[in-house]
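Per-entry structural report
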Protein chains: 2
Amino acid sequence: MVVETGQVDRVRAGVARPATSDGARPDGGWPDDIRRRVRDHVDATVRRRCAEHVHSMQGAEFVSGVLADFVRRGKYVRSMFGYLGWRAAAPDSPAALEAVAGLELLHAFALLQDDVMDGSLLRRGRPTVHVQLATWHRGQGMSGCSDRFGESGAVLLGDLCLVWAEQAMRESGLPRPVLDRGWPRYDAMRSELAVGQFADLLNEARRIPSLDEVMDVLRRKSGNYTVRRPLELGAAMAGADDELLGLLGDYGTMVGEAFQMRDDVLGVFGTDETGKPTGDDLAERKATSLVVLARELAGPATRATLDALLHGGPDEPVDVVAARALIESTGARRRIEELISTRVQGALRLVDGAVADGRLAEDVAGVLRGMAVRCADRSS
Amino acid sequence: MVVETGQVDRVRAGVARPATSDGARPDGGWPDDIRRRVRDHVDATVRRRCAEHVHSMQGAEFVSGVLADFVRRGKYVRSMFGYLGWRAAAPDSPAALEAVAGLELLHAFALLQDDVMDGSLLRRGRPTVHVQLATWHRGQGMSGCSDRFGESGAVLLGDLCLVWAEQAMRESGLPRPVLDRGWPRYDAMRSELAVGQFADLLNEARRIPSLDEVMDVLRRKSGNYTVRRPLELGAAMAGADDELLGLLGDYGTMVGEAFQMRDDVLGVFGTDETGKPTGDDLAERKATSLVVLARELAGPATRATLDALLHGGPDEPVDVVAARALIESTGARRRIEELISTRVQGALRLVDGAVADGRLAEDVAGVLRGMAVRCADRSS
């Protein structure tokens, strides 16, 4: 994990501490190592499971390849937080790493199915899995609706990932009492994930939810699922006491909300690898925190124009450039940046306090700081 | 469970033994009792989980009600076989019953998502869950595509059932070593289920698979998942030896194939509650065992007519009456009935042999016999 100084400056000066006398980064460099170990483990798991279950199916090689490639291209944020939670209360453990590696499969499940439901075309720099499956189906000259096949296939691959995620926990080699401390949180996270997506569909269906409603979904889908729940899961399995769990929970809520709000900003103002504006959330007419806040801050005339831009007929493409300008003009972007910054600063203060109290070791604290900044300030 | 004598006669004379001197049925009447206990437990589980996770969502009461109603209306075949497997090797156990009750949630997951993928309109005598959700969405005057909302919502409810099914096993109260004997089979069943549905999509996409391919999918989706895997799961958890597991596995393969072939016959020749012909599989152009066998038995002219009937454009409804007559004329229905009968007779012989050898108690054997007949000879 590389925290660029420029990014850090934008959030809070003084976070990026000078390299230690032996030249190592203050986080000891372990996130990159952990990420690589998680990635290799998840990759091997997906290939083994596919070889075991998918092999006899027509197109097995293609389907397995698509799934393995999709999983490998993740950012590994959730497993990193899961492992950080573990390390906040216990030493390095390959078994714990395998257990939290399953979170990447849980995340793959959520993305595979959400992308079908949202009709998303791109993910992780590639066509979404349902699009890849549909293209393959079409190329094979098979009968039936290729889009439908792609969607059903992606949902089923998602189901497999959901099953294999749970197996990764159970078969990690962690002793029963350790796992038993994790299951209630793991189960709550899984149900919350599906219910959060359901609530999201309803928000879209109702078209104009309140900011509170959007923040509630955002908290469930990201504040909890991306940061807080993985952290708590790892820490609970490691036997963290309530005080440490509470600390990590508060950090997780703040960083998770910042993560999702950054997502919402990128969904409107983001650019692709070539620097081309994307505006995916606008094109999909998503009621994200940024869009809803813009509506709330806008005067009646601006709001009416924005609504007209975003709520045209399903066949009318959204004028992304005009919508961006309008949202910018309401001050919503600046306000969201403030909200993000407030959360990251709060998270960093929590970490500093915990180090001062001796509740967090400096190596773990360093990574928590870096991850907070990275989550809030990423460009993709 | 009531086995009607007329049904039994059609399969094998002499199965329905006379009532014992105290008037009790030879199976002691326990299947009905078990089914009621499973149903009550699953119903309570669904309501508790919904109260825990779904409560805060808009429309929570409606969505929870749809799911609970859907689950309650099942036939409870899989949990019955799971419990039969347990009882073949161990005495009555409320914890084991709770563990296998989870199979009904696993089945609910499969049906909810399969019905979306297959575009099915009816299930368990009601509109399918995705249709109910779409109708509700439309009735609420929500924006966005109601059909799309219904499909996504049903997939998500399926995900929740998949998660809750696994929790039902884990939280059943069965000791760890008992569960550990079950997990490998449970996990294999879950992956096999999703892969089987994927293979099914490919069969549909290719339009004309061979009978061998259809039978392979049929075995994975039913021979294994409806009868064999649940039986083996229950028996393995109860500590059955390899000989008993092998016996139940063979019984399960035969009865499972018979179950699915009966499904395929009903999908072409079945009638609804009012006696009206349905021919669902024909309308959906499914390449079932019956349809594929008809093609293989047909002469070139009949095959060409059948293909023309079944493979029209997606907007042309299939002439169900003509297709039924043509399939009947090939002798495929009679042949499938023979195949079903062969399997049930084989299963009954296995059970008789096991009783004679003292490997199965008569009460369990009686229920296994009754279930074999019931699976092969049901009318819905």
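Residues numbered from 1 in each chain as written. Chains lettered and ligands numbered in written order. Predicted model: local features only at pLDDT ≥ 70, side-chain atom pairs only at ≥ 80, totals over all residues. Heavy atoms only, no water.

What follows is about the overall build of chain A. Check the secondary structure of chain A and you find 16 helices and 2 strands. Among the 380 residues that make up chain A, the fraction classed as buried is 59%. Intrachain contacts of chain A at a sequence separation of at least 6 include 75% that bridge at least 24 residues. For chain A, the exposed surface amounts to about 14,500 Å²; the carbon and sulfur share of it is 51%. (Helix = DSSP H or I, 4+ residues; strand = E, 2+ residues; numbered from the N terminus. Buried < 20%, exposed > 50% of the residue type's maximum accessible area, 1.4 Å probe, protein only. Contact = heavy atoms within 4.5 Å. Areas by Shrake-Rupley, 256 points an atom, 1.4 Å probe, with all protein chains shown as cover.)

This paragraph deals with helix 7 (residues 146-170) of chain A. Along its 25 residues, helix 7 of chain A runs 36 Å from first to last C-alpha, staying within 8% of the 36 Å computed at 1.5 Å per residue. Counting buried positions along helix 7 of chain A yields 23 of 25 residues, so the element is predominantly enclosed. (Expected span 1.5 Å × (residues − 1).)

Right, let's talk about the interface of chain A and chain B for a bit. Across the boundary between the two partners, chain A contributes 51 residues, which contact 51 residues of chain B. Contact with chain B buries surface across chain A, with Leu156, Phe198 and Leu202 of chain A losing the most and accounting together for 14% of the total. Where chain A touches chain B, the interface holds 6 salt bridges. Glu166 of chain A is the partner of Arg190 of chain B in a salt bridge, and the nearest nitrogen-oxygen pair spans 2.7 Å. Where chain A meets chain B, there are 12 residue pairs in polar contact (both at pLDDT 80 or more). Elements supplying a minimum of two residues to the side of chain A that touches chain B: helix 5 (94-118), helix 6 (129-139), helix 7 and helix 8 (176-206) of chain A. Its residues assigned to classes, the side of chain A that touches chain B shows 26 nonpolar, 12 polar and 13 charged. (Buried area = accessible area lost by both parts, 1.4 Å probe. Salt bridge = Lys/Arg side-chain N within 4 Å of Asp/Glu carboxyl O. Polar contact = N/O pair within 3.5 Å; in protein donor to acceptor, adjacent residues only side chain to side chain. Nonpolar A, V, L, I, M, F, W, Y, C, P; charged D, E, K, R; others polar.)

Applying the stated criterion across every chain yields a total of 10 aromatic pairs over all chains. For the ring pair Trp136 of chain B and Phe149 of chain B, a centre distance of 6.1 Å and an interplane angle of 35 degrees mean the geometry is tilted. Here Phe149 of chain B lies in helix 7 (residues 146-170) and Trp136 of chain B lies in helix 6 (residues 129-139), a separation of 13 residues in the sequence. Each member of the pair, Trp136 of chain B as well as Phe149 of chain B, carries the same accessibility label: buried. Taken together, a centroid distance of 5.7 Å and an interplanar angle of 75 degrees make the contact between Trp183 of chain B and Tyr186 of chain B edge-to-face. Here Trp183 of chain B pairs with Tyr186 of chain B, and both are found in helix 8 (residues 176-206), just 3 residues apart, close to one helical turn. Like Trp183 of chain B, the residue Tyr186 of chain B is buried in the burial classification. What links up through ring pairs into an aromatic cluster is the set Phe62, Trp136 and Phe149 of chain A together with Phe198 of chain B. If you follow Arg378 of chain A out to its NZ or CZ, it ends over the ring of Phe259 of chain A, 3.7 Å from the centre. Stacked on the ring of Trp183 of chain A, the Lys or Arg Arg170 of chain B has its end atom at 3.9 Å from the ring centre. (Phe/Tyr/Trp six-rings, centres within 6.5 Å; stacked < 30°, edge-to-face > 60°. Lys NZ or Arg CZ within 6 Å of the ring centre and 35° of its normal.)

Turning our attention to the relation of the copies chain A and chain B. Mapping chain A onto chain B leaves a residual RMSD of 0.0 Å; the transformation is a rotation of 180 degrees accompanied by 0.0 Å of translation along its axis. Such a turn and shift between the copies fits a two-fold axis. Minimal C-alpha distance to the rotation axis in chain A is attained by Asp159 of chain A, lying at 3.7 Å. (Least-squares fit on C-alpha atoms with pLDDT ≥ 70 in both.)

Here we take up the pattern of salt bridges. With the rule as written, the count across this model stands at 68 salt bridges over all chains. The salt bridge partner of Arg378 of chain A is Asp263 of chain A, with a shortest N-O separation of 3.1 Å. In this pair, Arg378 of chain A is assigned in the segment after helix 16 (362-377) and Asp263 of chain A in helix 10 (residues 242-269), connecting sequence segments 115 residues apart. Ionic pairing is found between Arg49 of chain B and Glu52 of chain B, a salt bridge with its closest N-O pair at 3.8 Å. Placement of the pair is Arg49 of chain B and Glu52 of chain B together in helix 2 (residues 30-53), with a separation of 3 residues, close to one helical turn. The network of salt bridges with shared partners includes Asp43, Arg47, Asp69, Arg72 and Arg126 of chain A.

Below, the discussion takes up unusual backbone geometry. Residues and elements named next belong to chain B. For Tyr76, which is not a glycine, the phi torsion comes out positive at approximately 60 degrees. With respect to the helices and strands, the residue Tyr76 is situated in the loop between helix 3 (60-72) and helix 4 (77-87). Under the relative-accessibility criterion, Tyr76 is labelled buried at 2%. Even without being a glycine, Arg124 presents a positive backbone phi close to 50 degrees. Residue placement: Arg124 occurs in the loop between strand 1 (122-123) and strand 2 (126-127).

Residues and elements named next belong to chain A. Inspection of every chain in the model, using the stated rule, returns 0 disulfides over all chains. Not part of a disulfide, Cys161 finds its nearest cysteine sulfur in Cys50, a span of 8.1 Å. With relative accessibility at 0%, the residue Cys161 sits in the buried group. (Disulfide = S-S within 2.5 Å.)

This brings us to the environment of Arg333 of chain A. All names here are of chain A. With respect to the helices, strands and loops of the structure, Arg333 is situated in helix 15 (residues 332-356). For Arg333, a relative accessible area of 26% gives the class partly exposed. A sequence separation of 39 residues divides Arg333 from Ala294, and the C-alpha atoms of the two residues are 7.9 Å apart. Discounting chain neighbours no more than four positions away, the residues touching Arg333 are Val265, Phe269, Leu290 and Glu328.

Attention now moves to the nonpolar core. Counting residues in hydrophobic clusters, the biggest one holds 254 residues, and the most contacted among them are Tyr251 of chain A together with Tyr251 of chain B. For Tyr251 of chain A, the residues in contact, after removing those within four places along its chain, are Phe81, Val227, Leu231, Ala347, Leu350, Val351, Leu368, Met371 and Ala372 of chain A. (Core = buried A, V, L, I, M, F, W, Y, C linked by side-chain atoms within 4.5 Å.)

So, on to the packing of helix 6 of chain B against helix 7 of chain B. Angle between the axes and distance between the axes are the two parameters that describe a pair of packed helices. Residues and elements named next belong to chain B. Running from N to C, helix 6 and helix 7 point in directions that differ by 130 degrees, and their axes come no closer than 7 Å. Viewed along their axes, helix 6 and helix 7 adopt a mutual orientation that is oblique. Considering how the two elements wind past one another, helix 6 and helix 7 form a crossing that is right-handed. Taking contact as the criterion, the partners of Val129, His130, Leu133, Ala134, Trp136, His137 and Arg138 in helix 6 are, on helix 7, Ser146, Asp147, Phe149, Gly150, Glu151, Gly153, Ala154 and Leu157. Its residues placed into classes, the contact of helix 6 with helix 7 shows 7 nonpolar, 5 polar and 3 charged. (Axes fitted to C-alpha atoms, helices over the stretch in contact; angles between N-to-C directions. Parallel < 35°, antiparallel > 145°, perpendicular 65-115°, else oblique. Left-handed = near helix turned anticlockwise from the far one by under 90°.)

With that settled, the discussion passes to the confidence of the model for chain A. Residue and element names in this part refer to chain A. Chain-level statistics for chain A give a pLDDT mean of 86 and a share of 88% at 70 or above. Mean pLDDT values over the elements of chain A span from 36, in helix 1 (residues 5-11), up to 97, in helix 7. Residue range residues 1-28 is modelled with pLDDT below 50. Its contacts to residues more than four positions away, or to other chains, number 39 contacts. (pLDDT = per-residue confidence, 0-100.)

For Glu166 of chain A, the location among the structural elements is in helix 7. Contact partners of Glu166 of chain A, with chain neighbours within four places excluded, come to Trp183, Tyr186 and Arg190 of chain A together with Glu166, Asp187 and Arg190 of chain B.

Because the α-helix completes a turn every 3.6 residues, residues three or four places apart line up on one side. Most of helix 4 of chain B is tucked away: 11 of the 11 residues are buried. Looking at helix 4 of chain B, one finds that the buried residues are Val77, Arg78, Ser79, Met80, Phe81, Gly82, Tyr83, Leu84, Gly85, Trp86 and Arg87 of chain B.

Before going further, it helps to spend a moment on the side chain of Glu104 of chain A. Residues and elements named next belong to chain A. By secondary structure assignment, the location of Glu104 is in helix 5. Buried charge Glu104 goes without a salt bridge, the closest partner of opposite sign being Arg124 at 4.8 Å. Side-chain polar atoms of Glu104 contact the side chain of Ser79, separated by 2.7 Å. (Lys, Arg positive; Asp, Glu negative; His and termini not counted.)

Our focus in this paragraph is the environment of Glu296 of chain A. All names here are of chain A. Positionally, Glu296 belongs in helix 12 (residues 289-297). Judged by relative accessible area, which is 43%, Glu296 ranks as partly exposed. In sequence terms Glu296 and Leu211 are 85 residues apart; their C-alpha atoms lie 8.0 Å from each other. When residues no more than four places from it in sequence are discounted, the contact partners of Glu296 are Ser210, Leu211 and Arg303. From its side chain, Glu296 meets the backbone nitrogen of Leu211 in a polar contact 3.1 Å long.

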